[in-house]
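Fold and contact review
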Amino acid sequence: MANQEHLDILKQGVDTWNKWKREHLEIRPDLREANLSGADLTEAILIEADLSRANLSNADLSRANLDGANLTEAILIEADLSRANLSYADLREADLSYADLSGATLVETNLSGATLTECYIYGISVWNVQLVGAKQDNLAITQKGEPTITVDNLEVAQFIYLLLNNPKIRDVIDTIAKKAILILGRFTPERKAVLDALREALRTHGYLPILFDFEKPSSRNMTETVRTLAHLSRFIIADLTDPSSIPQELYAIVPTLAIPVRPVLLEGKKEYAMLIDLLSTYHWMLPIHFYKDQADLLTTLKEEVIDPAEQKAQELAKR
């Protein structure tokens, strides 16, 4: 009997939920071109509502649920969107000048061509938004009452705030900038021991080795990943013994990024033909260090690889 009572209560709850959904979710308000200037829409449920070209200037939309709403070309000048849910909303060409977006949630929100000038964005959550052609100027990332700090990019605003207010993140970035060493190579199973030994040796010298093994064919995404890692690194060690994709990646890095690159090559192997172009053109591309075997590489690592790379890094830093 008790179980039947529980089932009845559960069914009643489900019925109540379905009724709420019909009333609030399945009805999609059509407010195209509506004049809602100054309207109080606090906590309004406007899921998938059509508010295209609506005038919402100075409207209070704090804590409103605008998930999936159509706000294309809407006027949201000085609107209060604090803690509003704008996930999956379409805000193409919308004007959000001077809007309060503090604490708002934007997940896959389309802001292409939107105007985001002088917005207040403290505490905003931004994930995978579209900002093609968007105007982003003077976005305030600090709390009201604090000295104002502004940025011009919505996607990096969260990172900049964390960088300014979280010492641990600053320490991590500082560590990466001083200690990260990018290792480029194609380490086949039989040469895996060389890779492991090289990484371990770099760690004993106080460095943070970052390995990029070209196991898969090169692609644009791979090249961009390598460039990003290179930007974070103190210097690069490129093992040319089995070059695979390395020539392409070095050509993507060396001409545009002044960071020391120390090529290493197992004796008896030949460097690829076009390497001479990089060696003769860019002074941060250091000469090849030839090693006899794994033991020789480790023995000569500091004197022949680390020290020349560090010297070049210090030289570049003074320029």
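This structure is a prediction, so every number in the text was calculated from the model and none was measured.

On the secondary structure map, alanine 258 appears in the loop between α6 (246-253) and β10 (261-266). Excluding residues that lie within four positions of it along the chain, alanine 258 makes contacts with Trp284 and Leu316.

Of the residues in the protein, 85% have a pLDDT of 70 or more, and the chain-wide mean is 85. Mean pLDDT across the elements of the protein ranges from a minimum in helix α1 (residues 2-24), with 59, to a maximum in strand β1 (residues 105-107), with 96.

Next up on the list: the side chain of threonine 300. With respect to the element layout, threonine 300 can be found in helix α8 (residues 294-317). There is a polar contact of 3.4 Å between the side chain of threonine 300 and the backbone oxygen of leucine 297. Excluding anything up to four places from it in sequence, threonine 300 contacts His289 and Val305.

One pair of aromatic rings is described through two measures. These are the centre distance and the angle between the planes. Evaluated as defined, the whole model comprises three aromatic pairs. For the ring pair tyrosine 282 and tryptophan 284, a centre distance of 5.6 Å and an interplane angle of 40 degrees mean the geometry is tilted. Judged by relative accessible area, which is 14%, tryptophan 284 ranks as buried. Looking at lysine 179, its charged tip hangs above the ring of tyrosine 207, at a distance of 5.5 Å from the centre.

So, on to the pattern of salt bridges. In a structure, side chains of opposite charge can pair up when their charged atoms sit close to one another. Using the criterion set out here, one finds 12 salt bridges in the structure. One salt bridge in this structure joins lysine 144 and aspartate 100, with 3.3 Å as the shortest N-O distance. Note that lysine 144 is positioned in the loop between β5 (139-140) and β6 (150-151) and aspartate 100 in the loop between α1 and β1, a separation of 44 residues in sequence. Its relative accessible area of 60% is what places lysine 144 among the exposed residues. Measuring nitrogen to oxygen at the nearest pair gives 3.1 Å for the salt bridge that ties arginine 199 to aspartate 196. Of this pair, arginine 199 and aspartate 196 both sit in helix α4 (residues 192-204), three residues apart, roughly one helical turn. Overall, arginine 199 belongs to the partly exposed group, its relative accessible area being 21%. Via salt bridges that share partners, Asp30, Arg32 and Asp50 belong to a single interconnected network.

As a further point, take α4. Counted at 1.5 Å a residue, the expected span for α4 with its 13 residues is 18 Å, and the 19 Å between its end C-alpha atoms agrees. Considered for burial, the residues of α4 that qualify are Val194, Leu195, Ala197, Leu198, Ala201 and Leu202.

Counting residues in each nonpolar core, the largest one holds 45 residues, and the members touching the most others are Leu56, Leu66, Leu96, Leu101 and Leu154. When neighbours within four sequence positions are excluded, leucine 154 is seen to be in contact with Leu106, Leu111, Leu116, Ile121, Ile124, Val126, Leu131, Gln136 and Leu139. One finds Leu240, Val254, Leu278 and Met285 within the second-largest nonpolar core, a separate group that totals 25 residues.

Relative orientation of the contacting elements α4 and α8 amounts to 40 degrees, with a least axis distance of 10 Å. Judged by the inter-axis angle, α4 sits oblique to α8. As for the relative orientation of α4 and α8, their crossing is right-handed in sense. Facing α4, whose interface residues are Ala193, Val194, Ala197, Leu198, Ala201 and Leu202, α8 presents Gln294, Leu297, Leu298, Leu301 and Ile306. Here the contact of α4 with α8 is built from residues that sort into 10 nonpolar, one polar and no charged.

Rules used in this analysis
- Residues numbered from 1 in each chain as written.
- Predicted model: local features only at pLDDT ≥ 70, side-chain atom pairs only at ≥ 80, totals over all residues.
- Heavy atoms only, no water.
- Helix = DSSP H or I, 4+ residues; strand = E, 2+ residues; numbered from the N terminus.
- Contact = heavy atoms within 4.5 Å.
- pLDDT = per-residue confidence, 0-100.
- Polar contact = N/O pair within 3.5 Å; in protein donor to acceptor, adjacent residues only side chain to side chain.
- Phe/Tyr/Trp six-rings, centres within 6.5 Å; stacked < 30°, edge-to-face > 60°.
- Buried < 20%, exposed > 50% of the residue type's maximum accessible area, 1.4 Å probe, protein only.
- Lys NZ or Arg CZ within 6 Å of the ring centre and 35° of its normal.
- Salt bridge = Lys/Arg side-chain N within 4 Å of Asp/Glu carboxyl O.
- Expected span 1.5 Å × (residues − 1).
- Core = buried A, V, L, I, M, F, W, Y, C linked by side-chain atoms within 4.5 Å.
- Axes fitted to C-alpha atoms, helices over the stretch in contact; angles between N-to-C directions.
- Parallel < 35°, antiparallel > 145°, perpendicular 65-115°, else oblique.
- Left-handed = near helix turned anticlockwise from the far one by under 90°.
- Nonpolar A, V, L, I, M, F, W, Y, C, P; charged D, E, K, R; others polar.

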